[in-house]
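# Understanding the architecture of this molecule
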Amino acid sequence: MYIYDKVERKIKFDIVVGSGRKGQSFMTWTGNRLVQMPVTFFTAVNQWSTSPGYPADKVVFNRPITSRCLECHSTYAETTSSPAAKFEEFDHQKMIYGIDCEKCHGPAAMHVQFQTENPAEKQAKYIVNPSKLSRQQNLDLCTVCHGGRLAKTKPSFSFQVGDTLSNYFKLNDNPLDAVSIDVHGNQFGLLSASKCFTIGQVTCNSCHNTHKNEKDQLAVFSQRCMNCHSEGHEKLCKLTSTIGSVISQNCIDCHMPKQPSNSIAINLRNSDTLTPVMMRTHWIRTYPGETGKVTAILKKMK
């Protein structure tokens, strides 16, 4: 760590969290405990900054990483400390880093063993296919990590694909109004306030192909909107008559614009104020202030 070009403290980066699309944060081991590093790299500004919530004027390493943190930022981590311990400890050797297949398909050891022993068997065994689950089961699976600050009632990593979320987490019987939900963290809360969700019955998988990297492919996502909002359907975009079919190339910036997060902000160099990170909202609706910007761009594409 450097403060005013002076080496303050040297600590090894042990674990990297984040795809790098928005940025990356880092963890370091302190014995069998994990703490978050006080610096984060933010991709949008190509700059290092103080990690959200850490002071900008001094070097501290005091934010413990809990199993609930790891539940969303890894596939598995085994806790070795007792539930009554002040700080959680983990087994270095029993962690599955990143978000891999098992996060959405369940533990795979028995599946791998069976398929290895029966290579001619075409029917998958001991693995879950989420496409065969109910709408609610799929929503519960995504909500574990994209439902905001859920309070767990059972140990982290107990929930498995196909389970009922309320059996593992305390759910709010009076959901927050969408206006008060930050764009970071609770995508499910925002989506559930959308008519596409309540009337159209969409799920996360209606728009997201979890097996493909479709980053920034607005036309691809927009074509999925067209499944319900094209000619012959009840809710056709009103701008189609004035702009034409090119409107279908970018539904996203109109109806899911990027908005500033109140919980994730950057300490930019040579600035005394925090700069909020822009993130795409999942509250699908009409945003009049954004429509003019998008239509101006689309008209040039005609």
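Thresholds applied
- Residues numbered from 1 in each chain as written.
- Predicted model: local features only at pLDDT ≥ 70, side-chain atom pairs only at ≥ 80, totals over all residues.
- Heavy atoms only, no water.
- Helix = DSSP H or I, 4+ residues; strand = E, 2+ residues; numbered from the N terminus.
- Buried < 20%, exposed > 50% of the residue type's maximum accessible area, 1.4 Å probe, protein only.
- Areas by Shrake-Rupley, 256 points an atom, 1.4 Å probe, with all protein chains shown as cover.
- Core = buried A, V, L, I, M, F, W, Y, C linked by side-chain atoms within 4.5 Å.
- Contact = heavy atoms within 4.5 Å.
- Phe/Tyr/Trp six-rings, centres within 6.5 Å; stacked < 30°, edge-to-face > 60°.
- Lys NZ or Arg CZ within 6 Å of the ring centre and 35° of its normal.
- Expected span 1.5 Å × (residues − 1).

Take the overall build of the protein next. Across its full length, the protein carries 11 helices and 13 strands. C-alpha extents for the protein along the principal axes are approximately 65 × 60 × 40 Å. A buried classification covers 34% of the 302 residues belonging to the protein. For the protein, the computed accessible surface area is about 18,900 Å², with 54% contributed by carbon and sulfur atoms.

In this structure, Ile15, Val17, Met27, Trp29, Leu34, Ile65, Leu70, Ala77, Phe90, Met95 and Phe157 together form the largest nonpolar core, which totals 11 residues. Elements represented by at least two residues in this core include exactly strand 3 (15–17), strand 4 (23–30) and strand 9 (90–97). Those residues in contact with Met95 that lie beyond four places of it in its chain are Ile15, Trp29, Leu34, Leu70, Tyr76 and Ala77.

Going through the model one piece at a time under the given rule, you end up with 8 aromatic pairs. A centroid spacing of 5.9 Å and a plane angle of 75° characterise the contact between Phe114 and Tyr126, whose relative ring orientation is edge-to-face. Pair noted here: Phe114 is in helix 3 (residues 109–117) and Tyr126 is in the loop between helix 3 and helix 4 (135–146), with a separation of 12 residues, a long-range link. Seen from their ring centres, Phe188 and Phe197 are 5.8 Å apart, and the 85° between their planes marks the pair as edge-to-face. Residue Phe197 is classed as buried on the basis of its relative accessible area, which comes to 11%. Each residue in the set Phe13, Phe26, Phe41 and Trp48 is aromatic and connected to the rest through ring pairs, giving one cluster. In this structure, Lys154 packs its charged tip against the face of Tyr168, placed 4.8 Å from the ring centre.

This next bit is on helix 8 (residues 218–229). For helix 8, spanning 12 residues, the distance from its first C-alpha to its last is 16 Å, which sits close to the expected 16 Å at 1.5 Å a residue. Here the buried face of helix 8 lies against helix 7 (204–207) and helix 10 (252–255).

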